[in-house]
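Examining the three-dimensional arrangement
The primary structure of each chain is shown beneath.
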Amino acid sequence: IAIAVGQDIRRWAKGDERGDLTETVMLLRADPSIGTLSMLSFPRDLLVNIHCPGRTFSGPINAAYAECGLQGTVETVKRLTGLPVHFIVTIDYRGFIQTVDKLGGVWLDIDRRYFNDNSQGGPTFPPIDLQPGYQKLTGRQALSFVRYRHTDSDIYRIERQRLFMRALKERLSSSFKVTAIPKLTGVARKNVKIGTGGGAALDPDEFRGWALFALQLPPSRVFQSKIEGLVGYNRLTTDPSNIQAAVEEFQTPDVEAGTK
């Protein structure tokens, strides 16, 4: 099981491991024995008990990184789910954009008009200008789409992320070529950091093996679990049983349902 953390490239440029809010917190689970990849995303505004070294307090899950870095994020997710974490994956915005562009873009059915040029004052959000309809997005357009929260809540934002992940997998399956692996791994080497227990880096051969496993999976073998029953706007809550149900689904994906 790996925890994936998405963060702003500006933090990487400064070499910081905390001091900003994470954009994405996600668990990944690969099972080569049955050929599945499971994902469980946590809304960034989900209120949880945050576990930093020497202290525990309540706050949105993305604040764990700001308050106590990767260690706090990992410990918070472990306590929330009861699951072990074997790898830590961090990716920046640049890696997101380049991955999508290397694939020639992704096709998404945009449900409505999305527009923001940061001219209205207030908080600054990524600029975006998308019309409704089925269309191919560039890496930068896709990033703005999954980060958008200018006029709605994190509940809708997490759904946009789920739609993007499904579209990305379909794009990989429809146009995947073994010759594309060097390009994608090149992007990953520059923009993705993977750590194992004790802080050691992941062996390059092991990384390539896992990358090839994930890239060759058909969409029916990729599962996205969802935390149900979320309520609120800028602070989301749900009954703990809903989190446990999502964790159980994440651990034991319904392979038969995925092939229908």
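In what follows, the structure referred to is the one given above.
Summarised in this report is the structure supplied together with it. (Residues numbered from 1 in each chain as written. Predicted model: local features only at pLDDT ≥ 70, side-chain atom pairs only at ≥ 80, totals over all residues. Heavy atoms only, no water.)

**Regarding the overall build of the protein chain**
Which entries qualify depends on this criterion: Comment: elements are numbered from the N terminus, with helices defined as DSSP H or I runs of at least four residues and strands as E runs of at least two. The buried label goes to any residue with under 20% of its type's maximum accessible area, the exposed label to any with over 50%, and the partly exposed label to all in between, with areas taken from a 1.4 Å probe on protein chains only. The contact criterion used throughout is that any non-hydrogen atoms of two residues lie within 4.5 Å. For every accessible area listed, the method is Shrake-Rupley and the probe measures 1.4 Å; residues are considered covered only by the protein chains on display.
For the protein chain, the count of helices and strands is 9 helices and 12 strands. Relative to its 260 residues, the protein chain shows a buried fraction of 46%. Long-range pairs, those at least 24 residues apart, make up 67% of the contacts in the protein chain with a sequence separation of at least 6. Working note: accessible area of the protein chain is about 13,200 Å², and carbon and sulfur atoms make up 53% of it.

**Looking at helix α4 (residues 139-147)**
In terms of burial, α4 is a largely internal element, 7 of the 9 residues being buried. Burial in α4 covers these residues: G139, A142, L143, S144, F145, V146 and R147.

**A closer look at the state of the cysteines**
The test is simple: By definition, disulfides here are pairs of cysteine sulfur atoms that lie within 2.5 Å.
One pass over the full model with this rule turns up 1 disulfide. Two residues share a disulfide in this structure: C52 and C68, whose sulfurs sit 2.0 Å from each other. One disulfide, between C52 and C68, carries an S-S torsion of -65 degrees and so falls in the left-handed class. Taken as a pair, C52 in strand β4 (residues 47-52) and C68 in helix α2 (residues 63-81) lie far apart in primary sequence, 16 residues in all. A residue is classified by how much of its surface remains accessible, and C68, at 10% relative accessible area, is buried.

**A closer look at the environment of L130**
For L130, the location among the structural elements is in strand β9 (residues 128-130). A sequence separation of 14 residues divides L130 from S144, and the C-alpha atoms of the two residues are 9.7 Å apart. Look past the residues within four positions of L130 in its chain and what remains in contact with it is I110, R112, R113, Y114, Q135, L137, Q141 and F145.

**Section: the nonpolar core**
Within soluble globular proteins, side chains that are nonpolar tend to cluster in buried spots. Where we set the bar: Buried residues of nine kinds, namely Ala, Val, Leu, Ile, Met, Phe, Trp, Tyr and Cys, make up a nonpolar core once their side-chain atoms join them within 4.5 Å.
Ranked by size, the top nonpolar core spans 27 residues in total, and within it I3, L27, L40, F42, L46, V77 and I227 carry the most contacts. Where this core is concerned, the elements lending two or more residues are β1 (2-7), β2 (24-31), β3 (36-42), β4, α2 and α8 (240-251). Not counting chain neighbours up to four residues away, the residues in contact with L27 comprise I1, A2, I3, S38, M39, L40, F42, V77, T81, L83, V85 and F250. Formed by 23 residues, the second largest nonpolar core is a distinct cluster that contains L108, I110, F145 and Y148.

**Side note on the pattern of salt bridges**
To keep things clear, this is the line we draw: For this document, the term salt bridge refers to a Lys or Arg side-chain nitrogen within 4 Å of an Asp or Glu carboxyl oxygen.
Here the structure, examined in full by the defined rule, presents 8 salt bridges. The salt bridge involving R79 is made with E75; its shortest N-O contact spans 2.9 Å. A residue pair is termed a helical-turn pair when its members lie 3 or 4 positions apart in one helix, as R79 and E75 do in helix α2 at 4 residues. Taken together, the shared-partner salt bridges connect E159, R162 and K226 into one network.

**Overview of the packing of aromatic side chains**
The description of two aromatic rings rests on the distance between their centres and on the angle between their planes. Defined as follows: Stacked, edge-to-face and tilted labels apply to pairs of Phe, Tyr and Trp rings (six-membered ring for Trp) whose centres lie within 6.5 Å, assigned for plane angles under 30 degrees, over 60, and everything in between, in that order. For a ring to carry a charge above it, either NZ of a lysine or CZ of an arginine must fall within 6 Å of the ring centroid while also lying within 35 degrees of the normal to the ring plane.
In total, this model carries 4 aromatic pairs according to the counting rule given. An angle of 80 degrees between the planes, with centres 5.4 Å apart, marks the rings of Y114 and F145 as edge-to-face. Of this pair, Y114 sits in strand β8 (residues 114-116) while F145 sits in helix α4; the two residues are 31 residues apart in sequence, bridging distant segments of the chain. With a centroid separation of 5.0 Å and an interplanar angle of 90 degrees, the aromatic rings of Y114 and Y148 are classed as edge-to-face. Of this pair, Y114 sits in strand β8 while Y148 sits in the loop between α4 and α5 (154-175), placing them 34 residues apart in sequence. Take Y114: its relative accessible area is 1%, and that puts it in the buried class. Following the ring pairs from residue to residue traces out a cluster consisting of Y114, F145 and Y148. If you follow R112 out to its NZ or CZ, it ends over the ring of Y114, 4.2 Å from the centre.

**Some points on a negative patch on the surface**
Going by this rule: Exposure above 30% relative accessible area and no salt bridge define the residues that can form patches, which grow by joining like charges within 9 Å and nonpolar side chains of Val, Leu, Ile, Met, Phe, Trp and Tyr within 5 Å. Residues scored as charged are limited to Lys and Arg (positive) and Asp and Glu (negative), so that His and the chain ends carry no count. Charge positions come from single atoms, namely NZ of Lys, CZ of Arg, CG of Asp or CD of Glu.
A cluster of acidic residues, E228, E249, D254 and E256, forms a negative patch on the protein surface. When its relative accessible area of 46% is taken as the criterion, D254 is described as partly exposed.

**Description of helix α3 (residues 93-102)**
Selection rule: We call two N or O atoms a polar contact when they sit within 3.5 Å, provided that within protein one can donate a hydrogen and the other can accept it, with sequence-adjacent residues counted only if both atoms are side-chain atoms.
Among all positions of α3, only Y93, G95, F96, I97 and V100 are buried. The backbone nitrogen of R94 lies 3.3 Å from a side-chain oxygen of the residue at the head of α3, namely D92. Where α3 ends, the next residue or the one after it, G104, has phi of about 80 degrees, a positive value.

**Here we look at the side chain of K169**
Mapped onto the secondary structure, K169 falls in helix α5. Look at K169: it is buried, it has no salt bridge, and the nearest opposite charge is E170 at 11 Å. In terms of polar contacts, K169 uses its side chain to reach the backbone carbonyl oxygen of A214, at 2.9 Å. Of the polar contacts made by the side chain of K169, one reaches the backbone oxygen of L217; its length is 2.6 Å. Excluding anything up to four places from it in sequence, K169 contacts A214, L215, Q216, L217, P218, P219 and V222.

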